[in-house]
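Spelled out from the first residue to the last, the chains are:
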Amino acid sequence: MASSLPTFPQALPCSSTKTSSSLATFRSPFLRFNGSTSLIPSSISITSRGTSSPTIIPRAAASESDSNEALANTTFHGLCYVLKDNIDTDQIIPAGAACTFPSNQQERDEIAAHALSGLPDFHKTRFIEPGENRSKYSIIIGGENFGCGSSREHAPVCLGAAGAKAIVAESYARIFFRNSVATGEVFPLESEVRVCEECKTGDTVTIELSDSGGLLTNHTTGKNYKLKSIGDAGPVIDAGGIFAYARMMGMIPSLA
């Protein structure tokens, strides 16, 4: 049976390994965005339950260049926590700790305490110390297929709640990449080389983002690594997620 749900074709990149023009379909019974290839459509139509005629809300005159300028000035600095390949969502947050989605700061603190608590015991250095809900590591470095496993959004949320600002990996599971963008919790950045073999947990690093890509500097070793551009997803994450971005751009009404 064919679905009658309208589509939101311009919402999120379907994979971090695709170019920024390769976008996936997000389905919603309430929102239908008009546009061809740009993440920022010229208008948005909202259909309420029980009605057939959508209400058209033109995009506000907010400047796309303002978003890009903010992204170009985005810098992260801190200690890195290094992992390898195939870090799945059960390692990021065990299923038993992801029973509810955090809706306030107390619940965010609770979920943060479980960030990367599912890692095997051979990881002697823990991302979160017992009894704490904040990590001293603000940048996570991984290998291939980071975030594989389940589709729950708790994975990027718990990392962001614990204080992580960005992840640098060779590649990502598509759903983890999309959830990172949708929630605006962490920047899922791709490296051009296998940085997880070059850095060690506890190294001091800086990430500088630009429209064309980025640069990771390891101050402990003195080495630099180029990062791939995150494309249209960057301004969405920088705004705080897909709904915050939509409100900022006038695509949906403000909460105020």
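Located above this text is the structure these notes cover.
Note that the coordinates shown come from a computational prediction; the quantities given were computed from them, not determined experimentally. (Residues numbered from 1 in each chain as written. Predicted model: local features only at pLDDT ≥ 70, side-chain atom pairs only at ≥ 80, totals over all residues. Heavy atoms only, no water.)

K.L.:
What exactly am I supposed to notice about the overall build of the protein chain here?
P.N.:
Within the protein chain, the secondary structure is distributed over 7 helices and 12 strands. Taken across its 256 residues, the protein chain has 47% of its residues classed as buried. Intrachain contacts of the protein chain at a sequence separation of at least 6 include 64% that bridge at least 24 residues. Summing over all exposed atoms, the protein chain offers an accessible surface of approximately 12200 Å²; the carbon and sulfur share of this is 50%. (Helix = DSSP H or I, 4+ residues; strand = E, 2+ residues; numbered from the N terminus. Buried < 20%, exposed > 50% of the residue type's maximum accessible area, 1.4 Å probe, protein only. Contact = heavy atoms within 4.5 Å. Areas by Shrake-Rupley, 256 points an atom, 1.4 Å probe, with all protein chains shown as cover.)

K.L.:
Just to check I follow, could you spell out the sheet that holds strand β6 (residues 75-82) for this structure?
P.N.:
The strands that make up a sheet are held in pairs by hydrogen bonds between backbone atoms, and each pair lies either parallel or antiparallel. On the basis of which strands lie adjacent, the open sheet formed by 7 strands has the order β9-β8-β7-β6-β10-β11-β12 and mixed pairing. Among the strands making up the open sheet, the edge pair consists of β9 (187-190) and β12 (223-227). This sheet shows a mean twist of 30° between the axes of neighbouring strands, independent of strand direction. The pairing of strand β11 (residues 213-218) with β12 spans 5 bridges and is classified as antiparallel. Looking across to β12, one finds that Leu 215 is bridged to Lys 226. (Pairing = 2+ DSSP bridges. Axes fitted to C-alpha atoms, helices over the stretch in contact; angles between N-to-C directions.)

K.L.:
Looking at this model, I keep getting lost on the nonpolar core. Mind explaining?
P.N.:
General note: in soluble globular proteins, nonpolar side chains tend to be found buried as a group. By size, the foremost hydrophobic cluster in this structure holds 60 residues, and its most contacted members are Leu 116, Phe 127, Ile 141, Phe 146, Leu 159 and Ile 207. Leave out the neighbours within four places in its chain, and Phe 127 touches Tyr 81, Ala 115, Leu 116, Ser 135, Tyr 137, Ile 140, Leu 159, Ala 162 and Ala 164. (Core = buried A, V, L, I, M, F, W, Y, C linked by side-chain atoms within 4.5 Å.)

K.L.:
Explanation requested: the pattern of salt bridges in the structure shown.
P.N.:
When their charged atoms lie close together, side chains carrying opposite charge are able to pair. Applying the stated criterion across every chain, the model contains 9 salt bridges. Between Arg 134 and Asp 109 there is a salt bridge, with its nearest N and O atoms 3.2 Å apart. Of this pair, Arg 134 sits in the loop between α3 (105-112) and β7 (137-141) while Asp 109 sits in helix α3, and the two are 25 residues apart along the sequence. Using a relative accessible area of 40% as the deciding quantity, one classes Arg 134 as partly exposed. The exposure class assigned to Asp 109 is partly exposed, which follows from its relative accessible area of 21%. Of the charged contacts, one joins Lys 223 and Glu 198 as a salt bridge, the two residues approaching to 3.3 Å between their closest N and O atoms. With Lys 223 in strand β12 and Glu 198 in the loop between β9 and β10 (204-210), this pair connects stretches of sequence that are 25 residues apart. Among the charged side chains, a salt-bridge network with shared partners connects Lys 84, Asp 85, Glu 170, Arg 194 and Glu 197. (Salt bridge = Lys/Arg side-chain N within 4 Å of Asp/Glu carboxyl O.)

K.L.:
Whenever I open this one, the packing of helix α4 (residues 154-161) against helix α5 (residues 174-183) confuses me. Can you help?
P.N.:
To describe two helices that pack against each other, one gives the angle between their axes and the distance between the axes. Look at α4 against α5: their axes get within 8 Å of each other, and the N-to-C directions meet at 55°. With respect to α5, the axis of α4 lies oblique. As α4 packs across α5, the resulting crossing turns out to be right-handed. On α5, the residues that touch Ala 155, Pro 156, Val 157 and Leu 159 of α4 are Phe 176, Asn 179, Ser 180 and Thr 183. Taken together, the residues of the contact of α4 with α5 break down into 5 nonpolar, 3 polar and no charged. (Parallel < 35°, antiparallel > 145°, perpendicular 65-115°, else oblique. Left-handed = near helix turned anticlockwise from the far one by under 90°. Nonpolar A, V, L, I, M, F, W, Y, C, P; charged D, E, K, R; others polar.)

K.L.:
Help me understand the side chain of Ser 180 in this model?
P.N.:
Inspection of the secondary structure puts Ser 180 in helix α5. Given the relative accessible area of 0%, Ser 180 is considered buried. Sequence-distant contacts of Ser 180, defined by excluding residues within four places in its chain, comprise Pro 156, Glu 185, Val 186, Pro 188 and Ile 237.

K.L.:
Could you clarify how one ought to interpret the environment of Gly 213 in this entry?
P.N.:
With respect to the helices and strands, Gly 213 occurs in strand β11. Along the backbone, Gly 213 and Lys 226 are 13 residues apart, and their C-alpha atoms lie at a distance of 7.4 Å. When neighbours within four sequence positions are excluded, Gly 213 is seen to be in contact with Glu 208, Leu 227, Lys 228 and Ser 229.

K.L.:
Is there a simple way to think about unusual backbone geometry in this case?
P.N.:
A negative phi angle is the norm for most residues apart from glycine, just as the trans form is the norm for most peptide bonds. If you check the backbone angles, Asn 86 has positive phi at about 55° while not being a glycine. When you line up the elements, Asn 86 lands in the loop between β6 and α2 (89-92). With relative accessibility at 43%, the residue Asn 86 sits in the partly exposed group. The phi dihedral of Asn 145 is positive, around 60°, even though this residue is not glycine. Considering the arrangement of structural elements, one finds Asn 145 in the loop between β7 and α4. Residue Asn 145 is classed as partly exposed on the basis of its relative accessible area of 29%.

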